[in-house]
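Each chain, letter by letter, is given below.
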Amino acid sequence: MLDFTGADVKSRAVAPMNFSLTIRLVLAGSALLLHAQAADDAKAVKLKFTGSPSCSSTSCHGGGTGRNECVIYEHKDRHAVSYGILGKGTSLRIAESLGIVGDPAKAAQCNVCHAPMQGVPLERLMKDTHADKGVGCESCHGPAENWRLFHTRPDVSFQQIVATGMRDLNDIYGRANTCVACHLNLDEPIRRAGHPELYFELDGQALAEPPHYKDERPSLGPRQWLTGQAAALRELSWKLAAKRDEALVPRWKALVWLLRKTDAGKKELPSGEDFGAVQTAADQLARNAAKTLWTKEQTAALLKDYAGLRAEFSEPKADKAELRLRAEVLVPALDRLWRAHKKETGAESADFEPALDHANLLAREGEDFDPAKFASALEELQAAFAKGGK
Ligand code: HEC
Ligand code: HEC
Ligand code: HEC
């Protein structure tokens with residue numbers, strides 16, 4: 001498992017486009033800007049964390065409406081409890097079967113995602129601060145040493161703040177890279193030990209996080225969805241390029257299948273099993289997707305295409321395991337596109353959402369997944385879309 005000594009940080013930092021890892025290193029104490037070159041990295045890894053309490057005074061982010069980010073986080077956000085659950089029932093059982101001795105919150109295998117600051121060397125913490133429990137403000141926003149005092153000044157631009165180490169989460173690509181680091185993929189032993197399966201879909205998860213910010217930019221939904229899935233494909237490709245893993249290949253194939261049905265994916269993603277080439281292409285796809293606005297016609301057209309895929313499940317050309325994984329990524333795609341479509345066109349269909357719920361249940365049946373049943377759920381969806389979808 002990952003080890004966060006300074007030496008390791010530096011050697012890993014040079015690996016190009018290993019985002020999960022780079023991000024985790026960022027979380028764990030360095031301020032590597034993504035794809036920063038080695039020289040910059042050496043500088044950046046020294047940045048320190050100031051800890052969540054330094055954000056939470058009532059005149060800063062712990063105040064009333066409009067500056068209550070910490071209050072929302074403490075009371076509602078699951079990231080605030082991600083440390084606490086490591087000491088409880090399921091975690092102890094998972095830890096036991098992994099042979100972790102002692103407190104799972106102290107084990108890198110768990111705290112890398114659940115309590116990243118617990119794994120940070122002490123010299124990366126500002127004087128008189130304690131390592132955050134849970135996934136704290138700086139786990140997402142970046143170590144605040146150089147910007148905490150400076151980021152409130154009216155004469156300072158957002159870009160200047162970003163240059164001092166705040167992560168640009170306003171950039172959907174940067175946002176996707178942040179979330180995907182913890183939400184996409186578990187090492188096989190942890191999964192086998194009974195950890196809940198992870199599903200990554202940026203748009204839904206960004207909205208599921210209790211909002212401590214507003215983001216109402218045009219066509220955000222499809223952009224976030226596509227950027228997130230492309231980032232996920234890049235991460236899986238990177239893992240597979242480093243070492244082929246038969247358990248992961250079908251997941252990778254399912255994502256390629258999904259994304260090659262989008263206009264951008266068709267153009268960018270090569271066919272065939274060249275993981276390295278797909279990694280590069282998927283990264284480009286994610287960067288472009290973050291910036292590309294969708295028209296409502298484009299959203300509707302892709303939704304229609306995806307809802308029309310019944311035959312791929314009723315007369316399958318792939319094996320059942322792969323079909324299940326295709327269903328698993330198709331359903332959230334339908335969900336996010338439908339949501340955007342409804343918002344943009346006022347489309348209504350009393351049948352679409354129940355049909356989608358049904359498809360979702362079928363897609364999550366694991367070993368019992370039945371492609372024929374899923375095909376008929378898609379048929380219901382297609383009919384519902386044709387009736388009310390506009
Ligand atoms: C350092 C790792 C880490 C990062 C970065 C991270 N998360 Fe999480 N997230 C977790 C963990 C661990 C949990 C589980 C907490 C629990 O239930 O105890 C979680 C839970 C959640 C949940 C609640 C569970 C669910 O699926 O509904 C949402 C929503 C979520 N994260 C969204 C996001 C989004 C959006 C981002 C990026 C902006 C993000 N997370 C970044 C680790 C992370
Ligand atoms: C790759 C990042 C990652 C690692 C490593 C990881 N987890 Fe998680 N874990 C998550 C995320 C993300 C969730 C939330 C899943 C969701 O609900 O969407 C989660 C959820 C959980 C849950 C269910 C939480 C709840 O509120 O119901 C438990 C229990 C858990 N993890 C324990 C562990 C233990 C113990 C370890 C170490 C052996 C570990 N995790 C390692 C990312 C991780
Ligand atoms: C799971 C990741 C995550 C965590 C944890 C998190 N944030 Fe955020 N935060 C985001 C994202 C994503 C945005 C949206 C970025 C944007 O649109 O600029 C955001 C936006 C914000 C904004 C608004 C920025 C703006 O320009 O509108 C503030 C302020 C903020 N966060 C403060 C905090 C504080 C304080 C904490 C700790 C209590 C915290 N955040 C924890 C992900 C996170």
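Residues numbered from 1 in each chain as written. Chains lettered and ligands numbered in written order. Predicted model: local features only at pLDDT ≥ 70, side-chain atom pairs only at ≥ 80, totals over all residues. Heavy atoms only, no water.

Visitor: Explain the overall build of the protein chain to me, please; I cannot follow it from the model alone.
Guide: Regarding its fold elements, the protein chain presents 20 helices and zero strands. Scored against the burial criterion, the 390 residues of the protein chain give a buried share of 49%. In the protein chain, once contacts between residues fewer than 6 apart in sequence are set aside, the share between residues at least 24 apart is 63%. Summing over all exposed atoms, the protein chain offers an accessible surface of approximately 18,900 Å²; the carbon and sulfur share of this is 54%. (Helix = DSSP H or I, 4+ residues; strand = E, 2+ residues; numbered from the N terminus. Buried < 20%, exposed > 50% of the residue type's maximum accessible area, 1.4 Å probe, protein only. Contact = heavy atoms within 4.5 Å. Areas by Shrake-Rupley, 256 points an atom, 1.4 Å probe, with all protein chains shown as cover.)

Visitor: Just checking my understanding: could you explain the packing of aromatic side chains for this structure?
Guide: Pairs of aromatic rings are described using the distance from one ring centre to the other and the angle between the two planes. Following the criterion strictly, the structure yields eight aromatic pairs and no others. For the pair tryptophan 225 and tyrosine 306, a centre-to-centre distance of 6.2 Å together with 85 degrees between the ring planes defines the contact as edge-to-face. Residue tryptophan 225 is located in helix H12 (residues 220–242), and its partner tyrosine 306 is located in helix H16 (residues 296–307); the two are separated by 81 residues in the primary sequence. Of the residues examined, tryptophan 225 reaches a relative accessible area of 0% and is grouped as buried. (Phe/Tyr/Trp six-rings, centres within 6.5 Å; stacked < 30°, edge-to-face > 60°.)

Visitor: What is the right way to look at the nonpolar core in this model?
Guide: Within soluble globular proteins, side chains that are nonpolar generally end up buried alongside one another. Formed by 67 residues in total, the largest nonpolar core has its most connected members in Leu233, Leu258, Tyr306, Phe313, Leu330, Leu334 and Phe374. Of all the secondary-structure elements, those providing two or more residues to this core are helix H9 (172–183), H12, helix H13 (249–259), helix H15 (275–291), H16, helix H18 (320–345), helix H19 (352–363) and helix H20 (371–388). Among the elements that make up this core, the one with the highest residue count is H18 (10 residues). In contact with tyrosine 306, other than residues within four places in its own chain, are Trp225, Leu258, Lys261, Thr262, Leu330, Ala333, Leu334, Leu337 and Leu378. In this structure, Tyr83, Leu86, Ala95 and Ala115 belong to the second largest nonpolar core, which totals eight residues. (Core = buried A, V, L, I, M, F, W, Y, C linked by side-chain atoms within 4.5 Å.)

Visitor: Would you mind showing me how to read the pattern of salt bridges here?
Guide: Pairing between side chains becomes possible if they bear opposite charge and their charged atoms approach one another. Tallied over the entire structure, the rule returns 24 salt bridges. When the shortest N-O distance is used, the salt bridge between aspartate 215 and arginine 217 registers 2.8 Å. Residue class for aspartate 215 comes out buried when judged on its relative accessible area of 18%. For arginine 217, a relative accessible area of 27% gives the class partly exposed. Where glutamate 246 meets arginine 244, a salt bridge forms, and the shortest distance between an N and an O atom there is 2.7 Å. Classification of glutamate 246 by relative accessible area gives exposed; the value is 55%. Put simply, Glu188, Arg191, Arg192 and Glu197 are held in one network by salt bridges that share partners. (Salt bridge = Lys/Arg side-chain N within 4 Å of Asp/Glu carboxyl O.)

Visitor: What am I meant to see in the site of ligand 2 here?
Guide: Near ligand 2 there are 20 residues, and of these Arg78, Cys110, Cys113, His114 and His195 occur at the shortest range. Between an oxygen atom of ligand 2 and a side-chain N or O atom of arginine 78, the distance comes to 2.4 Å. For ligand 2, a nitrogen atom lies 2.7 Å from a polar atom in the side chain of histidine 195. Among the elements that take part in the shell around ligand 2, helix H6 (residues 108–114) stands out by supplying five residues, more than any other. Here the shell around ligand 2 is composed, by residue class, of 11 nonpolar, seven polar and two charged. (Near = heavy atom within 4 Å. Polar contact = N/O pair within 3.5 Å; in protein donor to acceptor, adjacent residues only side chain to side chain. Nonpolar A, V, L, I, M, F, W, Y, C, P; charged D, E, K, R; others polar.)

Visitor: What exactly am I supposed to notice about the site of ligand 3 here?
Guide: Of all residues adjacent to ligand 3, which total 16 residues, the nearest are Cys137, Cys140, His141, His212 and Tyr213. In the model, an oxygen atom of ligand 3 is placed 3.3 Å from a nitrogen or oxygen of the asparagine 170 side chain. One nitrogen or oxygen atom from the side chain of arginine 175 is found 3.4 Å from an oxygen atom belonging to ligand 3. Listing elements by their share of the shell around ligand 3, those giving two or more residues are helix H4 (69–76) and helix H7 (137–141). Residues of the shell around ligand 3, tallied by class, amount to seven nonpolar, six polar and three charged. Split by domain, the residues of the shell around ligand 3 number at least three in each of domain 1 (6–163) and domain 2 (173–388). (Domains from an automatic or database assignment.)

Visitor: Before we go on, may I ask you to explain the packing of H16 against H18 in this structure?
Guide: When two helices pack together, their arrangement is captured by the angle between the axes and the distance separating the axes. For the pair H16 and H18, the least separation of the axes is 9 Å and the interaxial angle reads 145 degrees. Two packed elements cross with a definite hand, and for H16 against H18 that hand is left-handed. Contacts from Lys296, Thr299, Ala300, Leu302, Leu303, Tyr306 and Ala307 in H16 reach Leu330, Ala333, Leu334, Leu337, Trp338, Ala340, His341, Glu344 and Thr345 in H18. Residues of the contact of H16 with H18, tallied by class, amount to 11 nonpolar, three polar and two charged. (Axes fitted to C-alpha atoms, helices over the stretch in contact; angles between N-to-C directions. Left-handed = near helix turned anticlockwise from the far one by under 90°.)

Visitor: Which parts of the structure should I look at to understand the side chain of histidine 114?
Guide: With respect to the helices and strands, the residue histidine 114 is situated in helix H6. The contact partners of histidine 114, leaving out residues within four places of it in the chain, are Ser82, Tyr83, Ile85, Leu86, Gly134, Val135 and His195.

Coordinates in, geometry out; function isn't part of it.
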